[in-house]
Amino acid sequence: MDVWCAIDCELGEGARWVDGRLVFVDILAGRLLTVSADEPGPAEELFRLDVPLGAVAPVRDRPGRWLAAAGRGFALLDERDGSVEWLDRPAPPTSRMNDAVCDPAGRMWAGAMPYDSTPGAGVLYRVGQDLTVTAVRTGLTIPNGPAFTADGRTMYLADSAEGRVNRHEVDPATGDLGAPAVFAVIDEGGPDGMTVDADDHLWVAVWGGSQVRRYTPDGRLDRVVKVPTPQPTSVCLTDGRLFVTSAALGLTSGPPAGALFAIDGMPLGRPAAPFVWDQ
């Protein structure tokens, strides 16, 4: 696995394949970044917030606009003029938004985590197409992912502090969430960002484990890809290329911690599902 972009992210995350390019965030710096998915090179900053930026999703049919899980809630960002429109801030001041993704129906799902990792203080939120924000799971600590199968009927959600990935059934029409069932347990490091490939296999970045794991739909560990940094944070698959963000947070060894990595010869991925705004 090679360095694709020699950026030094304190907490790189949220890698997504959008319109032929890769976008990702540096959470604590509040930066939205992009880089070519075809050629390695430097990153371009698309947006910067003065609060942590957990993840973004493109807004369907609105080029340059993003729905962001940021700070204590959700905002619409417009990279064309730099405007920010806050929708809701449901998380308490002791928490921040973490990872987020849209399901195939166009709803955003995002986890909020406590700054001090208080057990059970994390929450999973859902943003509906009418911009209504709903708390759908409580009792989490550091929610990560989520990731969805292509039909939208299965959601994977990690709790990094618990070392566990759960699987939920989802009603694609309503977004109703079924009870969690343990899908995988990772005891050497913690499960972080995730994605589902074109074959509906789950890929998991393992924070503290210097690796990415691929699981079959029945929960069997199918493949391990080594990453040359201790803290891989999120994964994204494009046309046979695997991208991995990383974090320099808490490390003293310097580069390549915080860089964006890539390796070819991987399964096909799927572009990021957009947020569908029913306006």
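Preceding this section is the structure that the text describes.
Note that this is a predicted model, so its numbers are computed, not measured.

Peer 1: Break down the sheet that holds strand β17 (residues 181–185) for me, citing the residues and quoting the values.
Peer 2: An order of β14-β15-β16-β17 is seen for the 4 strands of this open sheet, with the pairing classed as antiparallel. What marks the edges here is a single partner per strand, and that holds for β14 (143–148) and β17. Averaged over all adjacent pairs, the angle separating strand axes in this sheet is 25 degrees, with direction ignored. For strand β16 (residues 164–169) and β17, the ladder comprises 4 bridges, and the chain directions are antiparallel. By the bridge assignment for β17, Arg164 is matched with Val185.

Peer 1: Lay out the packing of aromatic side chains in plain terms, naming residues and giving numbers.
Peer 2: To describe a pair of aromatic rings, you give the distance between the ring centres and the angle between the ring planes. Overall, the coordinates contain 5 aromatic pairs when judged by the stated rule. Relative to Phe243, the ring of Trp4 has its centre 5.2 Å away and its plane inclined at 90 degrees; by these criteria the two rings are edge-to-face. One end of the pair, Trp4, is in strand β1 (residues 2–5); the other, Phe243, is in strand β23 (residues 239–246), and 239 residues separate them in sequence. Grouping residues by exposure puts Trp4 and Phe243 together as buried. A centroid spacing of 6.0 Å and a plane angle of 70 degrees characterise the contact between Phe183 and Tyr215, whose relative ring orientation is edge-to-face. In this pair, Phe183 is assigned in strand β17 and Tyr215 in strand β20 (residues 211–215), connecting sequence segments 32 residues apart. You can call Tyr215 buried: its relative accessible area is 4%. Put simply, the rings of Tyr156, Phe183 and Tyr215 touch in pairs and so form one group of aromatic residues. Sitting over the ring of Trp86, Arg89 keeps its end group 4.1 Å from the ring centre.

The rules behind the values
Residues numbered from 1 in each chain as written. Predicted model: local features only at pLDDT ≥ 70, side-chain atom pairs only at ≥ 80, totals over all residues. Heavy atoms only, no water. Pairing = 2+ DSSP bridges. Helix = DSSP H or I, 4+ residues; strand = E, 2+ residues; numbered from the N terminus. Axes fitted to C-alpha atoms, helices over the stretch in contact; angles between N-to-C directions. Phe/Tyr/Trp six-rings, centres within 6.5 Å; stacked < 30°, edge-to-face > 60°. Buried < 20%, exposed > 50% of the residue type's maximum accessible area, 1.4 Å probe, protein only. Lys NZ or Arg CZ within 6 Å of the ring centre and 35° of its normal.

Read these as spatial facts, not as claims about activity.
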